[in-house]
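# Geometric and topological summary
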Amino acid sequence: VVVGGVACAVFGAAAIFASDDRARRLRPAAARAEAGPSVRRGGSAWEHYITRPFKDKFVPSDEKERTGLNLWLLQAGYDSPLAAQSYYAIRIGFGVIVLPAIVMLAMLAIRGSHGGTAILFGGLIAMVVGFELPVFWVGHQRKARQRQVSDGLPDILDLLLVCTEAGLGLD
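Presented here is a report on the structure given in the accompanying data block. (Residues numbered from 1 in each chain as written. Predicted model: local features only at pLDDT ≥ 70, side-chain atom pairs only at ≥ 80, totals over all residues. Heavy atoms only, no water.)

### Quick notes on the overall build of the chain
Our working rule: Think of it this way: any DSSP run of H or I at least four residues long counts as a helix, any run of E at least two long counts as a strand, and we number them from the N terminus. Burial classes: relative accessible area under 20% of the type maximum marks a residue as buried, over 50% as exposed, and values in between as partly exposed (1.4 Å probe, protein chains only). Should any heavy atoms of two residues lie within 4.5 Å, those residues are considered in contact. To measure how exposed things are, a 1.4 Å probe is used in the Shrake-Rupley method; for residues, cover is taken only from the protein chains shown.
Helices and strands together make up the secondary structure of the chain, namely seven helices and zero strands. Taken from the N to the C terminus, the helices and strands of the chain come in the order α-α-α-α-α-α-α. Here the chain, with 171 residues, has 22% of them falling under the buried criterion. Contacts spanning at least 24 positions in sequence make up 74% of the contacts within the chain whose residues lie at least 6 apart. Counting every atom, the chain has about 11,900 Å² of accessible surface; 66% of that belongs to carbon and sulfur.

### With respect to the packing of aromatic side chains
We apply this condition: The rule is short: rings of Phe, Tyr and Trp, with Trp giving its six-membered ring, pair when the centres are within 6.5 Å, and they are stacked under 30 degrees, edge-to-face over 60, tilted in between.
Scanning all chains against the criterion turns up two aromatic pairs. Here the aromatic rings of Trp72 and Tyr87 are separated by 5.8 Å at their centres, their planes lie at 80 degrees, and the arrangement is edge-to-face. In this pair, Trp72 sits in helix 5 (residues 63-75) while Tyr87 sits in helix 6 (residues 83-111), placing the two residues 15 residues apart along the sequence. Here the two residues Trp72 and Tyr87 agree in accessibility, since each one is buried. Each ring, one from Tyr87 and one from Tyr88, has its centre 5.3 Å from the other, and the planes form 70 degrees; the classification is edge-to-face. With respect to class, Tyr87 is no different from Tyr88; both count as buried.

### What about helix 7 (residues 116-165)?
Keep this limit in mind: One fewer than the residue count of a helix, multiplied by 1.5 Å, yields its expected span. Note that bend, as reported per residue, equals the angle between axes fitted to the 7 residues terminating at that residue and the 7 residues originating from it.
The first and last C-alpha atoms of helix 7 sit 73 Å apart over 50 residues, in line with the 74 Å expected at 1.5 Å per residue. If you look at helix 7, its biggest bend is around 35 degrees, right at Leu153, and the proline Pro154 turns up within four residues after that. Buried within helix 7 are the following residues: Ile119, Gly122, Gly123, Ala126, Gly130, Pro134, Val138 and Gly139. After helix 7 finishes, the residue Gly167 shows a positive phi value of roughly 100 degrees.

### Considering the nonpolar core
Put simply, the rule reads: Buried residues of nine kinds, namely Ala, Val, Leu, Ile, Met, Phe, Trp, Tyr and Cys, make up a nonpolar core once their side-chain atoms join them within 4.5 Å.
One finds Val59, Leu69, Trp72, Leu73, Ala76, Tyr78, Ala83, Ala84, Tyr87, Tyr88 and Val138 forming the largest nonpolar core, which totals eleven residues. Counting only elements with at least two residues in this core, the list comes to helix 5 and helix 6. Residue contributions to this core peak at four residues, all from helix 6. Filtering out sequence-adjacent residues up to four positions away, Ala76 remains in contact with Val138, Gln141, Arg142 and Arg145. Counting six residues, the second largest nonpolar core, distinct from the first, contains Val6, Phe94, Leu99 and Ala126.

### Some details on the packing of helix 5 against helix 7
Put simply, the test is: Note on definitions: angles span 0 to 180 degrees between N-to-C directions of axes, and those axes are lines fitted to C-alpha atoms, for helices only across the stretch in contact. Put simply, angles under 35 degrees are roughly parallel, angles over 145 are roughly antiparallel, angles from 65 to 115 are roughly perpendicular, and the rest are oblique. The nonpolar class holds Ala, Val, Leu, Ile, Met, Phe, Trp, Tyr, Cys and Pro. Asp, Glu, Lys and Arg form the charged class, and all remaining residues, Gly among them, are polar.
Running from N to C, helix 5 and helix 7 point in directions that differ by 60 degrees, and their axes come no closer than 8 Å. Overall, the two elements helix 5 and helix 7 adopt an arrangement that is oblique. Two secondary-structure elements touch here, helix 5 through Trp72, Leu73, Leu74 and Gln75 and helix 7 through Val135, Val138, Gly139, Arg142, Arg145 and Gln146. Class assignment of the residues belonging to the contact of helix 5 with helix 7 gives a composition of five nonpolar, three polar and two charged.

What follows is the structure, given as structure tokens:
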């Protein structure tokens with residue numbers, strides 16, 4: 001039951017934070033234009049299901065801090081309006097349930113009933129790692145996305161220059 005629960009939590013977290021770049025790139029330009037200029041959409045059904053219990057309980061109440069968090073998540077590619085709630089739900093889920101359970105069960109299987117203090121200490125360390133793992137993941141995604149934008153900027157500027165010199169409009 002624990003292994004099944006952990007597997008569901010891990011795959012659920014991966015489904016929430018998985019980006020759907022292929023579908024966005026394959027849509028025709030007319031459909032993208034009709035969708036409007038905003039990238040903030042309604043969020044997936046999984047996000048609504050997971051974040052319902054956490055509705056604004058763990059998200060910072062300070063507007064400036066919440067705006068900074070939403071910008072940080074948007075820069076990492078998580079553009080859902082429920083991204084902050086999902087981020088904190090996953091952060092708490094990994095910190096309180098998933099990683100401590102995995103580490104404590106693994107240590108219990110390896111050590112047996114001996115060393116209860118070591119098992120508890122391993123669970124506490126896993127709790128800290130579980131809280132910080134989503135922070136590092138989103139930071140890594142943000143850096144990778146910024147690198148992708150900065151690598152593609154010269155090509156886009158060259159293309160715009162060639163098109164405008166040929167007499168085409170920017171649209």
